[in-house]
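In case you want the letters, here they are:
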Amino acid sequence: MGEQLAELGALQWVEAAGGARVLDPGLVKAVYRPLVGGDPLVAPVGLTFVTYENPPGIHTAAERVQAFRTGPQGEWFNHVNVNAHDHGGHFIPWENPDAWVNDLRRTFRGRRP
């Protein structure tokens, strides 16, 4: 587990240092298994998109969510909450805080130990 955390931390460092997202799909798709028995470790993921940053051809919040779910990256994650908003941009926590906080709460609701 320690090696996997270090590997993911290194990916985050490369992303931050390079200024562009560098992500190996093979690493993202990997299901981490405990060294001694047990179930695979699959972290729940919540995603919030904004239509300001839509890819070409996507115009609405609903289209953005659908494009993610059916796109190649949709199966990489154990997504428990995927949402998009028409208001806000890259800094959604400051531009649309109520929507962002609601998404965050919906992602973690019911997941406390």
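The preceding data block contains the structure.
Residues numbered from 1 in each chain as written. Predicted model: local features only at pLDDT ≥ 70, side-chain atom pairs only at ≥ 80, totals over all residues. Heavy atoms only, no water.

K.L.:
Even after reading the chapter, I still don't get the overall build of the protein chain, so can you show me in this structure?
P.N.:
A count of helices and strands for the protein chain gives 5 helices and 2 strands. Ordered by position from the N terminus, the helices and strands of the protein chain form the series α-α-β-α-β-α-α. Classification of the 113 residues of the protein chain by burial places 26% in the buried group. Sequence separation of at least 24 residues holds for 51% of the intrachain contacts in the protein chain that already meet a minimum separation of 6. On the protein chain, roughly 8,200 Å² of surface is accessible, and the fraction owed to carbon and sulfur atoms is 58%. (Helix = DSSP H or I, 4+ residues; strand = E, 2+ residues; numbered from the N terminus. Buried < 20%, exposed > 50% of the residue type's maximum accessible area, 1.4 Å probe, protein only. Contact = heavy atoms within 4.5 Å. Areas by Shrake-Rupley, 256 points an atom, 1.4 Å probe, with all protein chains shown as cover.)

K.L.:
Can you walk me through the packing of aromatic side chains in this structure?
P.N.:
Two measures describe an aromatic ring pair: the distance that separates the ring centres and the angle between the ring planes. Here the structure, examined in full by the defined rule, presents 4 aromatic pairs. Between Trp76 and Phe77, the aromatic rings sit 6.5 Å apart at their centres with planes inclined by 50°, giving tilted as the arrangement. Seen from the ring of Phe49, Arg64 lies directly overhead, with NZ or CZ sitting 3.9 Å from the centre. (Phe/Tyr/Trp six-rings, centres within 6.5 Å; stacked < 30°, edge-to-face > 60°. Lys NZ or Arg CZ within 6 Å of the ring centre and 35° of its normal.)

K.L.:
Explain a nonpolar patch on the surface here, please?
P.N.:
Taken together, the side chains of Trp100, Leu104 and Phe108 present a nonpolar region at the surface, about 290 Å² in accessible area. With respect to the element layout, Phe108 can be found in helix α5 (residues 97-108). (Patch = residues over 30% accessible without salt bridge, like charges linked within 9 Å, V, L, I, M, F, W, Y side chains within 5 Å. Salt bridge = Lys/Arg side-chain N within 4 Å of Asp/Glu carboxyl O.)

K.L.:
Looking at this structure, I do not really get helix α3 (residues 61-70). What am I missing?
P.N.:
The periodicity of an α-helix, 3.6 residues per turn, causes residues three or four places apart in sequence to face the same way. Among all positions of α3, only Ala61, Arg64, Val65 and Phe68 are buried. All buried residues of α3 lie within an arc of 95° about the axis, which places them on one face of the element. Turned more than 90 degrees away from the buried face of α3 sit Ala62 and Thr70, all of them exposed. (Arc of directions from axis to C-beta.)

K.L.:
Mind showing me how you'd approach α5 here?
P.N.:
Spanning 12 residues, α5 covers 17 Å between terminal C-alpha atoms, matching the ideal 16 Å at 1.5 Å per step. Those residues of α5 that sit buried are Ala99, Asp103 and Thr107. Viewed along the axis of α5, the buried residues span an arc of 75°, placing them on a single side of the element. Residues Asp98 and Phe108 are exposed on α5 and point more than 90 degrees away from its buried face. Summarising the contacts, the buried residues of α5 are in contact with β1 (44-50) and β2 (78-85). In the segment just after α5, Gly110 is the residue with positive phi, at about 80°. (Expected span 1.5 Å × (residues − 1).)

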